[in-house]
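Notes for the structure review
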Amino acid sequence: MMPRNQPARVGRLWILLALCILLYLGLVARFQWAQSSPQRDSEPFIPTASLPSSDVYRLLNLSEQECKTTFPDLTKDLDATVALGPFTLKQTHGKGPLQARVKDGQLYIIHAEDKNTLSPELLQARQAALHQIHRALITSPTRLPNTIFSLNIRDQPYGAAWSYSRPAFAAPASAMPPITRTFLMPHFSFWSWPLPFIGSIARAAGAIAGIEEALPFARKDPRVVWRGSPRFNGVHYPTLRQDLLRETAGAKWADVQAIESYEMDAKGNRHDEGEGESEEWFRQAEGMRKEKGAERHNEKGLETAEGPEREVQNGQAASLDPNGNGNENGNTTTLMIEDFCRYKYVLYTDGVTYSGRLPFLQMCNSVLLTPPIAWQQATTHLVQPLFSHDLSLGDGLHSWTPSPGVRNAWPTHHGPGDANAVFVAPDWSDLRDTVAWLERHPEVAEGIARRQRDLFVGKGYLSPAMETCYWRALLRGWSSVVKVEGEGWEDEPGVSWETFSVDY
């Protein structure tokens with residue numbers, strides 16, 4: 001005989017089961033709606049209200065609004081590129097840029113150049129960039145738009161694509177027409193730059209922090225410092241590096257040394273700074289350099305075989321490996337990237353195009369000295385230059401006038417009280433006098449150095465959070481203006497990043 005309360009108990013069980021089913025169906029419906037709904041923003045985020053800035057800058061999952069609040073000046077250049085309006089993306093083949101698809105938060109590779117045609121350095125850069133993009137996708141707190149993009153990992157810009165740099169202004173030579181439809185992306189060193197004296201932005205940032213904590217600006221080496229290959233000059237400044245070597249040759253106020261190779265591996269293979277840069281542009285710049293050098297030789301007798309060549313030879317036994325020992329395999333003039341921060345004055349030179357050392361130097365509490373930067377990178381617009389020709393260097397001292405291109409690219413001349421870098425003459429002719437002026441005004445020099453590090457490190461503009469914020473802003477901005485419909489190739493499924501990362 002059934003107990004009297006058994007029907008009621010069975011009824012309650014059925015009700016409980018029905019509620020569980022309804023709850024399950026509701027969760028499934030909500031998940032499906034989230035997958036198909038447009039991207040949503042979270043509530044505005046004020047970092048100081050919940051976490052110290054240093055902790056916020058390590059977060060990879062900031063929302064779009066949180067990114068804008070934390071890094072208010074980050075996307076100024078990107079926004080200007082997006083404002084150029086819609087364009088149609090063409091399919092690439094052969095040696096064209098890699099093309100990939102973002103679909104439902106996943107990354108798929110549609111076209112990639114055969115790895116056998118790429119140098120080891122370019123392969124490393126390609127893998128690093130794709131790892132960076134994938135990291136930005138999987139850490140996004142909201143759904144990102146579906147799109148197809150072109151990824152150019154070579155140094156020189158190429159059509160409508162994501163690239164590491166583009167000209168800040170047109171070169172005087174006609175060899176390089178203006179490039180406007182280049183969407184700048186973060187450098188691959190945010191993931192890894194596998195050279196023994198660099199490693200990555202994160203590794204260098206930690207090492208630099210230790211140096212800056214122990215070494216006040218006033219106790220730093222008062223010389224200017226530079227290392228680099230004299231071979232790699234661009235069409236904007238075709239004799240830039242040779243001019244630097246000439247102006248600093250034998251100077252007690254300069255630790256400037258040329259190097260031929262940044263690394264020599266166990267097999268004796270060289271890995272140069274200009275690996276992967278445009279050989280065509282290099283030949284053009286080299287021809288211009290020789291022509292300009294011949295003019296200087298005829299007029300002043302300054303360009304001789306003993307100049308830059310002597311610097312290379314004498315520099316071979318001058319520096320240390322990461323352990324402080326002479327490097328028997330490679331070139332011994334190289335410095336660990338963080339050791340540049342031991343100097344008061346760090347010199348930056350563009351290469352055939354940009355140079356990847358810029359963000360590393362910007363982490364130093366040191367004065368950045370450079371001719372007007374000719375190649376724009378993702379955060380170059382944050383530089384606030386003091387022009388050396390605006391200083392009272394003295395009667396009869398070298399003076400120069402910025403070109404129309406420089407004036408257009410860098411219209412604001414910042415004063416000594418708000419600058420975070422110093423632009424000197426493109427031929428370095430006033431470098432000595434500028435350094436002497438800064439030495440006579442140590443409070444100005446220290447202020448410029450402090451503002452640089454305060455911005456790029458203190459405010460997180462070279463942090464992991466900034467990088468993922470930028471990648472997601474780049475994806476959103478690009479997807480809002482790119483058109484691929486009707487080209488006949490936009491439906492190709494591609495290879496998943498997970499497969500590509502291990503098999504290609």
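Check the entry above for the structure.
Every residue gets a number counted from 1 within its own chain, in the order that chain's sequence is written. Note on the predicted model: pLDDT of at least 70 is required for a residue's local features to be given, and 80 or more for side-chain atom pairs to be given and counted; whole-chain, interface and lining totals, by contrast, use all residues. Hydrogen atoms and water are omitted, and side-chain values are computed over all heavy atoms in the structure.

A few words on the sheet that holds strand E9 (residues 254-258). Backbone-to-backbone hydrogen bonds pair the strands of a sheet. The strands run either parallel or antiparallel. Here, a strand pair is defined by DSSP locating no fewer than two bridges between the strands. Where helices and strands are cited, they refer to DSSP runs of H or I of at least four residues and of E of at least two residues respectively, numbered from the N terminus. On the basis of which strands lie adjacent, the open sheet formed by six strands has the order E9-E8-E12-E13-E16-E15 and parallel pairing. Each edge of the open sheet is held by one strand with a lone partner, namely E9 and strand E15 (385-387). Shown here is a sheet whose adjacent strand axes are inclined to one another by a mean of 25 degrees, direction ignored. Here strand E8 (residues 221-228) pairs with strand E12 (residues 343-347) via three bridges, running parallel. Opposite Val-224, over in E12, you have Tyr-345 as the bridge partner. Contacts were defined at the residue level, with two residues in contact if any of their heavy atoms lie within 4.5 Å. Inter-axis angles, ranging from 0 to 180 degrees, are taken between N-to-C directions of lines fitted to C-alpha atoms, where helices are fitted over the stretch in contact. The strands that helix H7 (residues 240-248) touches are E8, E9 and E12; relative to E9, the one it contacts most, it runs at about 135 degrees. Along the sheet, helix H13 (residues 442-458) contacts E12, strand E13 (367-370), E15 and strand E16 (421-423); its crossing angle with E13, the most-contacted strand, is approximately 95 degrees.

A side chain of one charge can pair with a side chain of the opposite charge when the charged atoms of the two come close. Salt bridges are defined by distance alone: a side-chain nitrogen of Lys or Arg within 4 Å of a carboxyl oxygen of Asp or Glu. According to the stated counting rule, one finds 17 salt bridges in the structure shown. Two residues, Asp-55 and Arg-58, come together in a salt bridge whose shortest N-O distance is 2.4 Å. Where Glu-439 meets Lys-344, a salt bridge forms, and the shortest distance between an N and an O atom there is 3.6 Å. Placement of the pair is Glu-439 in helix H12 (residues 431-440) and Lys-344 in strand E12, with a sequence separation of 95 residues. Per-residue accessibility, obtained with a 1.4 Å probe over protein chains only, is compared with the maximum for each type, and a residue is labelled buried under 20%, exposed over 50%, and partly exposed between these values. According to the relative accessible area criterion, Glu-439 is partly exposed, its value standing at 35%. Its relative accessible area of 12% is what places Lys-344 among the buried residues. Three or more residues are tied together by salt bridges with common partners; here these are Asp-221, Arg-223, Arg-227 and Asp-255.

Two cysteine sulfur atoms make up a disulfide if the distance between them is within 2.5 Å. Within this structure, the stated rule accounts for two disulfides. Shown here is the disulfide that connects Cys-67 with Cys-469, its sulfur atoms set 1.9 Å apart. Between Cys-67 and Cys-469, the S-S dihedral sits near -75 degrees, and the bridge is therefore left-handed. Within this pair, whereas Cys-67 is found in helix H3 (residues 64-70), its partner Cys-469 is found in helix H14 (residues 464-481), the two being separated by 402 residues in sequence. Both residues of the pair, Cys-67 and Cys-469, belong to the buried class. What pairs with Cys-341 in a disulfide is Cys-364, and their sulfur atoms sit 1.9 Å apart. For the disulfide bridge between Cys-341 and Cys-364, the dihedral angle about the S-S bond is near -65 degrees, and by the sign convention the bridge is left-handed. With Cys-341 in the loop between helix H9 (308-314) and E12 and Cys-364 in the loop between helix H10 (358-361) and E13, this pair connects stretches of sequence that are 23 residues apart. Accessibility assignment for this pair places Cys-341 and Cys-364 in one class, buried. Sequential numbering of the bridged cysteines in the chain gives the disulfide pattern 1-4, 2-3.

Moving on to empty space enclosed by the protein. Residues are said to line a cavity or pocket when one of their atoms sits within 4 Å of a point; the points come from a 1 Å grid over protein atoms alone, cavities being sets where a 1.4 Å probe fits but cannot get out and pockets being open sets with protein on both sides within 12 Å along at least five of seven lines. Grid points are joined across faces, edges and corners, and a volume is the space filled by probe spheres set on the points. Following the criterion strictly, the structure yields three cavities of 30 Å³ or more and no others. The calculated volume of the largest cavity comes to roughly 150 Å³. For the largest cavity, the lining is made up of 14 residues, of which His-187, Pro-359, Gln-377, Ala-378 and Thr-379 are closest to its centre. Per-class residue counts for the lining of the largest cavity are nine nonpolar, five polar and no charged. Gly counts as polar in this scheme, as do all residues outside two lists: the nonpolar Ala, Val, Leu, Ile, Met, Phe, Trp, Tyr, Cys and Pro, and the charged Asp, Glu, Lys and Arg.

Moving on, we get to the layout of surface pockets. Of the pockets and cavities examined, the largest pocket occupies roughly 880 Å³. Along the walls of the largest pocket sit 32 residues, with Lys-76, Gln-376, His-381, Ala-409 and Trp-410 positioned nearest its centre. Contributions of two or more residues to the lining of the largest pocket are made by helix H4 (76-82), strand E6 (166-167), helix H11 (404-409) and H13. For the lining of the largest pocket, the leading source of residues is H4, giving four residues. The class makeup of the residues in the lining of the largest pocket is 15 nonpolar, nine polar and eight charged.

Now for H13. For H13, the complete set of buried residues consists of Val-444, Ala-445, Gly-447, Ile-448, Ala-449, Gln-452, Arg-453, Leu-455 and Phe-456. Of the residues flanking the end of H13, it is Gly-460, one or two places downstream, whose phi is positive at about 80 degrees.

At a minimum axis distance of 9 Å, the contact between helix H5 (residues 120-138) and H14 shows a crossing angle of 85 degrees. When the axis of H5 is compared with that of H14, the two are roughly perpendicular. Contacts between H5 and H14 involve Ala-129, Gln-132, Ile-133, Arg-135, Ala-136 and Leu-137 from the first element and Glu-467, Thr-468, Trp-471, Arg-472 and Leu-475 from the second. Here the contact of H5 with H14 is composed, by residue class, of six nonpolar, two polar and three charged. Geometric relationships in this document are graded by angle, where less than 35 degrees denotes roughly parallel, more than 145 denotes roughly antiparallel, 65 to 115 denotes roughly perpendicular, and other angles denote oblique.

When you line up the elements, Thr-434 lands in helix H12. Assessed through its relative accessible area of 0%, Thr-434 is described here as buried. Taking C-alpha positions, Thr-434 is 8.2 Å from Leu-391, a pair spaced 43 residues apart along the chain. Once residues lying within four places of it in the same chain are set aside, the contact partners of Thr-434 are Leu-369, Ser-388, Leu-391, Leu-393, Val-422 and Val-424.

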